[in-house]
Amino acid sequence: MNDNFNNINWDEISEPDIYEDMLFAVRNLGSNDEDIRLESLWDLFDCIYHQGTLSPGAGFAVPFLIARLQQENEAGILQNILYVLASLATGDSYHDINPGLRNNAERNTVQFQERMKKGLNNVKATYTAVYKGISVYLDLLEHQSQDIRIAAACVLSCCKQDLARICSNFYAKFDRESDELVKAAIALCLAYISKITPVQIAFFEEILNSNESDIVKLSSGISLA
């Protein structure tokens with residue numbers, strides 16, 4: 001996806017799940033006006049995510065969000081984009097998780113199964129799109145803003161690919177990080193990753209026996225538990 005939003009021929013985008021409101025929001029992510037960019041981000045989020053579920057076309061928006069990460073110079077917007085991506089990396093399909101549909105006879109129909117399959121394919125496509133930004137998120141672990149470093153760690157912990165690389169970067173980042181809140185976040189993010197892949201238990205035990213601050217030790221204790 002071209003990083004320069006102005007070079008995109010918006011009139012040629014004809015995917016059935018890409019609506020005008022979504023295109024308008026995506027396009028305005030490239031605005032020179034900070035307020036417009038922020039408003040368009042939340043408008044886009046409303047189009048692609050609702051109460052833990054991913055809307056059709058969510059994956060379409062992800063490359064634009066990743067591109068914006070590499071262009072954005074306003075820390076607040078940058079942080080919010082990262083948290084939007086974290087939400088997209090953990091969203092589900094409405095037809096798969098909606099409690100009102102779990103015991104409904106409709107679930108056994110061909111039509112429902114087709115909708116469920118489409119929804120799950122949308123989730124998979126969205127996750128895959130988010131994972132393509134792993135290198136960008138890793139770069140943002142070095143951002144000068146504490147809040148952005150924490151948000152980048154959050155997104156990385158939601159990824160289910162390249163986990164060895166992510167964990168390795170977390171361990172190394174912890175050792176050279178000076179901010180206690182970032183360190184605490186990294187420990188908690190590693191605990192979240194441990195649901196998918198093993199992490200170094202000795203890492204958390206070493207922190208508990210170190211001279212780290214109380215909040216870092218607390219997060220490590222929670223992670224170890």
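Up top is the structure these notes are about.
Residues numbered from 1 in each chain as written. Predicted model: local features only at pLDDT ≥ 70, side-chain atom pairs only at ≥ 80, totals over all residues. Heavy atoms only, no water.

Engineer: How would you explain the nonpolar core if you had to name every residue and give the values?
Structural biologist: Core analysis: the biggest nonpolar cluster contains 66 residues, and L85, Y137 and F170 have the highest contact counts within it. Residues contacting F170, with those up to four places away along its chain left out, are L141, A153, L156, S157, I186, C189, L190 and I193. (Core = buried A, V, L, I, M, F, W, Y, C linked by side-chain atoms within 4.5 Å. Buried < 20%, exposed > 50% of the residue type's maximum accessible area, 1.4 Å probe, protein only. Contact = heavy atoms within 4.5 Å.)

Engineer: Can you explain helix α10 (residues 180-193)? Please cite residues and give values.
Structural biologist: Relative to the 20 Å expected for 14 residues at 1.5 Å per residue, α10 spans 20 Å between its end C-alpha atoms, a close match to the ideal helical length. Most of α10 is tucked away, with 10 of its 14 residues classed as buried. Taken as a whole, α10 has its buried residues at V182, K183, A184, A185, I186, A187, C189, L190, A191 and I193. Here the buried face of α10 lies against α8 (146-158), α9 (163-176), α11 (201-208) and α12 (214-224). (Helix = DSSP H or I, 4+ residues; strand = E, 2+ residues; numbered from the N terminus. Expected span 1.5 Å × (residues − 1).)

Engineer: So, the side chain of S157: which residues are in play, and what are the values?
Structural biologist: Along the chain, S157 falls in helix α8. Since its relative accessible area comes to 4%, S157 is described here as buried.

Engineer: Which residues make up a negative patch on the surface, and what values do they have?
Structural biologist: Together, E20, D21, D33, E34, D35, E39, D43 and D46 give the surface a local cluster of negative charge. Among the elements of the structure, α1 (20-28) and α2 (34-48) are those that each provide at least two residues to the negative patch. When residues of the negative patch are assigned to their parent elements, the largest contribution, five residues, is made by α2. Following the sequence through the fold, E20 ends up in helix α1. (Patch = residues over 30% accessible without salt bridge, like charges linked within 9 Å, V, L, I, M, F, W, Y side chains within 5 Å. Areas by Shrake-Rupley, 256 points an atom, 1.4 Å probe, with all protein chains shown as cover. Salt bridge = Lys/Arg side-chain N within 4 Å of Asp/Glu carboxyl O. Lys, Arg positive; Asp, Glu negative; His and termini not counted. Charge placed at Lys NZ, Arg CZ, Asp CG, Glu CD.)

Engineer: Can you explain the pattern of salt bridges? Please cite residues and give values.
Structural biologist: Tallied over the entire structure, the rule returns eight salt bridges. K173 is paired through a salt bridge with E142; the nearest N and O atoms lie 3.3 Å apart. Taken together, the positions of K173 in helix α9 and E142 in the loop between α7 (134-140) and α8 put the pair 31 residues apart, joining distant regions of the chain. In this structure, R165 and D162 form a salt bridge, with 3.1 Å as the shortest nitrogen-oxygen distance. The class of R165 is partly exposed, set by a relative accessible area of 33%. Overlapping salt bridges, with partners in common, bring together E142, R149, K173, R176 and E177 in one network.

Purely geometric stuff here, so don't read any function into it on its own.
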